[in-house]
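An overview of the molecular structure
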Amino acid sequence: MKPELTLWKDRDPAAMLLPGIHCGTLDGPPDDPVDAVARLASSGVQFVQVREPVDLTDPDGASAVAVLLLVRELTSHGIAVDWTLRMADPAQWRALSHLHPPAGVFRGSTGEENEEPVVAAWRGSFHIAKCGYRRGPGFLEIRDHRWDSFRRLVVNAPRSAAFQGLLDGVPAVASASAERVLERHLRENLLHRVGRYLWWTPYRLRRWPLSTTIP
């Protein structure tokens, strides 16, 4: 079942009750999250609520990846998200720590207890442009602050169809052949695996950050 998405033009609880702030609902994540979120941003949406948890323990992974791509694009545009996450091992949260912090992180497919230390650490370490990229002619520059040390990576001539599809927002099926092509990016945690799918984790930087804005 696709999770319903609710949209507002403000994230303040009092302002959300005012006329014209509620922007309706979407019946699940859009098929093209890159273009769809750009349209939401241009229409003034500032807050999105995802009612169903994103379940990373799902052996298929299609629904979870669709929401993660949505959260990635919303974070890229600076739009806040109210979402929750289920993980087999919450200690692995740092690979996703550049996404807008979730309200809850639960262990396993049935765990109901919120891993509050993980949520607090996620919120405390989150900042703009934590893991993003910019594109130039024939190259991609990635700046990654998810772990304690800063990493700068450059991908030259990203021409493979699988890689281009990932940048366009289309997840790849995690086949052996796809993983061989994308091995370097898997090794560098620039790809994240959920069920049968791989998705590109860094978001596109809309504004190049000043060094003083990054811890």
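This text gives an overview of the structure that appears in the document. (Residues numbered from 1 in each chain as written. Predicted model: local features only at pLDDT ≥ 70, side-chain atom pairs only at ≥ 80, totals over all residues. Heavy atoms only, no water.)

1. What to know about the overall build of the chain
So the rule is basically this: Helix numbering and strand numbering both begin at the N terminus, where a helix is a DSSP run of H or I of at least 4 residues and a strand a DSSP run of E of at least 2. Our radius of gyration looks at C-alpha atoms and nothing else; its globule reference is 2.2 Å times the residue count to the power 0.38. The cut-offs for exposure are 20% and 50% of the maximum accessible area for each residue type, with area from a 1.4 Å probe on protein chains only; residues under the lower value are buried, those over the upper are exposed, and the others partly exposed. In what follows, a contact means two residues having at least one pair of non-hydrogen atoms within 4.5 Å. Residue-level accessible areas treat just the shown protein chains as cover; the underlying method is Shrake-Rupley with a 1.4 Å probe. When charges are counted, Lys and Arg contribute as positive and Asp and Glu as negative, whereas His and the chain ends are disregarded. One atom stands in for each charge, and that atom is NZ of Lys, CZ of Arg, CG of Asp or CD of Glu.
For the chain, the count of helices and strands is six helices and 14 strands. Relative to its length of 215 residues, the chain is compact, with a C-alpha radius of gyration of 17 Å against a globular reference of 17 Å. For the C-alpha atoms alone, the extent of the chain along its principal axes is close to 50 × 40 × 35 Å. The buried share of the chain, taken over its 215 residues, is 46%. For the chain, contacts bridging at least 24 residues in sequence account for 58% of all contacts bridging at least 6. A total of about 10800 Å² of accessible surface is found on the chain, and carbon and sulfur atoms cover 51% of it. For the chain, the distance from the average position of its 26 positive side-chain charges to the average position of its 25 negative side-chain charges is 9 Å.

2. Concerning the side chain of H98
Selection criterion: Definition of a polar contact: a pair of N or O atoms within 3.5 Å, with one able to donate and the other able to accept a hydrogen when the atoms are protein atoms, and with sequence-neighbouring residues admitted only if both atoms are side-chain atoms.
On the secondary structure map, H98 appears in the loop between β6 (84-87) and β7 (104-107). Among the polar contacts listed, one links the side chain of H98 to the backbone oxygen of T201, at a separation of 2.7 Å. Sequence-distant contacts of H98, that is, excluding residues within four places in its chain, are made with T75, F126, K130, C131, R146, T201, P202 and Y203.

3. Overview of the sheet that holds strand β10 (residues 151-156)
The condition is simple: Pairs of strands are assigned from DSSP output, requiring at least two bridges between the strands.
Taken together, four strands build an open sheet; the order of strands is β10-β9-β8-β14 and the sheet is mixed. The open sheet has two free edges, formed respectively by β10 and β14 (203-204), since each of these has just one partner strand.

4. Here we look at the pairing of strand β9 (residues 139-144)
Alignment of strand β8 (residues 131-136) against β9, held across six bridges, turns out to be antiparallel. Residue pairing for β9: G132 is matched across the bridge by R143. Note: β9 against β10, six bridges, orientation antiparallel. Across the sheet, the residue bridging to D144 is R151, located in β10.

5. Topic: the layout of surface pockets
To keep it simple, the criterion reads: Only protein atoms enter the 1 Å grid, on which a cavity is a set of points fitting a 1.4 Å probe that cannot get out and a pocket is an open set with protein on both sides within 12 Å along at least 5 of 7 lines, lining residues being those with an atom within 4 Å of a point. Grid points are joined across faces, edges and corners, and a volume is the space filled by probe spheres set on the points. Here the term charged refers only to Asp, Glu, Lys and Arg, the term nonpolar to Ala, Val, Leu, Ile, Met, Phe, Trp, Tyr, Cys and Pro, and the term polar to all other amino acids, Gly among them.
There is about 280 Å³ of room inside the second largest pocket. Lining the second largest pocket are 15 residues, with Q92, A95, N189, H192 and R193 positioned closest to its centre. Top element by residues in the lining of the second largest pocket is strand β12 (residues 191-194). It accounts for three residues. Class assignment for the residues of the lining of the second largest pocket results in nine nonpolar, three polar and three charged.

6. Concerning the environment of L40
Residue placement: L40 occurs in helix α1 (residues 33-42). Given the relative accessible area of 14%, L40 is considered buried. C-alpha separation for the pair L40 and L74, spaced 34 residues apart in sequence, amounts to 8.9 Å. Sequence-distant contacts of L40, that is, excluding residues within four places in its chain, are made with L7 and V45.

7. Description of the environment of N114
Mapping N114 onto the fold places it in the loop between β7 and α3 (116-125). Here the alpha-carbon distance between N114 and R86, two residues 28 residues apart in the chain, equals 9.6 Å. Setting aside residues no more than four positions away along its own chain, N114 makes contact with A103, G104, V105, F106 and V119.

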